[in-house]
Amino acid sequence: MNVLVRDLSEKTLKELKRQAAENKRSLAAELKAILDEKADQRRHFRKWRKNADRIFNEMKKSGTVFPDSTALIREDRDR
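Counting restarts for each chain: residues are numbered from 1 in the order of the written sequence. Side-chain atom pairs in this predicted model are given and counted only at pLDDT of 80 or more, local residue features only at pLDDT of at least 70, and totals for whole chains, interfaces and linings cover all residues. Only hydrogens and water are removed before side-chain values are computed, so all heavy atoms of the structure are retained for them.

1. A closer look at the overall build of the protein
Alright, step 1. If you tally the helices and strands in the protein, you get 3 helices and 0 strands.
Alright, step 2. A run of H or I in DSSP becomes a helix once it reaches four residues, and a run of E becomes a strand once it reaches two; helices and strands are each numbered from the N terminus. In sequence order, the protein lays out its α and β elements as α-α-α.
Alright, step 3. Relative to a compact globule of 79 residues, whose C-alpha radius of gyration would be 12 Å, the protein shows 22 Å and is clearly more extended.
Alright, step 4. Its C-alpha atoms give the protein principal-axis dimensions of about 55 × 35 × 25 Å.
Alright, step 5. The buried share among the 79 residues of the protein stands at 4%.
Alright, step 6. Summing over all exposed atoms, the protein offers an accessible surface of approximately 7,700 Å²; the carbon and sulfur share of this is 55%. Each radius of gyration is computed over the set of C-alpha atoms, and the globule rule expresses the reference value as 2.2 Å times the number of residues to the power 0.38. Buried residues are those whose accessible area, probed at 1.4 Å on protein chains only, stays under 20% of the maximum for their type, while exposed residues exceed 50% and partly exposed ones sit between those limits. The accessible surface values rely on the Shrake-Rupley method and a 1.4 Å probe; as for residues, cover is taken only from the protein chains in view.

2. With respect to the packing of helix 1 (residues 10–22) against helix 2 (residues 27–61)
Alright, step 1. Packing of helix 1 against helix 2 brings their axes to within 9 Å, and their N-to-C directions diverge by 95°. Accordingly, the angle class assigned to the pair helix 1 and helix 2 is roughly perpendicular. Contact with helix 1, carried on its side by Leu-13, Leu-16, Lys-17, Gln-19 and Ala-20, involves Leu-27, Glu-30, Leu-31 and Ile-34 of helix 2 and no other residues of that element.
Alright, step 2. We call Asp, Glu, Lys and Arg charged. Ala, Val, Leu, Ile, Met, Phe, Trp, Tyr, Cys and Pro are nonpolar, and the rest, Gly among them, are polar. Of the residues in the contact of helix 1 with helix 2, the class split is 6 nonpolar, 1 polar and 2 charged. Here an angle of 0 to 180 degrees is reported between the N-to-C directions of two axes, which are lines fitted to C-alpha atoms, with helices fitted over the stretch in contact. Here roughly perpendicular refers to angles of 65 to 115 degrees, roughly parallel to angles under 35, roughly antiparallel to angles over 145, and oblique to all remaining angles. Whether two residues are in contact is decided by their heavy atoms: any pair within 4.5 Å suffices.

3. Focus on unusual backbone geometry
Alright, step 1. With a phi angle near 60°, Asp-7 is a residue other than glycine that sits in the positive phi range.
Alright, step 2. Residue placement: Asp-7 occurs in the segment before helix 1.
Alright, step 3. The exposure class of Asp-7 is exposed, given its relative accessible area of 79%.
Alright, step 4. The phi angle at Lys-24 is positive, at roughly 55°, despite the residue not being glycine.
Alright, step 5. In this structure Lys-24 comes out as exposed when scored by relative accessible area, which is 77%.

4. Some remarks on helix 1
Alright, step 1. Between its first and last C-alpha, helix 1 extends 18 Å over 13 residues, near the 18 Å set by a 1.5 Å rise per residue.
Alright, step 2. Trailing helix 1 by a residue or two, Lys-24 shows a phi angle of about 55°, which is positive. One less than the number of residues in a helix, times 1.5 Å, gives the span that helix is expected to have.

5. With respect to the side chain of Glu-30
Alright, step 1. Tracing the sequence through the fold places Glu-30 in helix 2.
Alright, step 2. Given a relative accessible area of 2%, Glu-30 falls into the buried group.
Alright, step 3. Apart from residues no more than four positions distant in its own chain, Glu-30 is found in contact with Leu-16, Gln-19, Ala-20, Asn-23 and Arg-25.

Below is the structure:
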């Protein structure tokens, strides 16, 4: 698949070219690497969030009480 990106600022383009050169890649390869990395981060976050929500819901169903963190922070600061 091809993607066309228009109207990048000169500043952004210059930085991307510098980054590509540092990584010994073409500009296109650098952009692909950046997009792949960002997509992977989002996938991992969604997976983490799904697991965190599942654990939270299991704890809630078990009757676990979640204290107000504001009160706990205040209590800790007042010590």
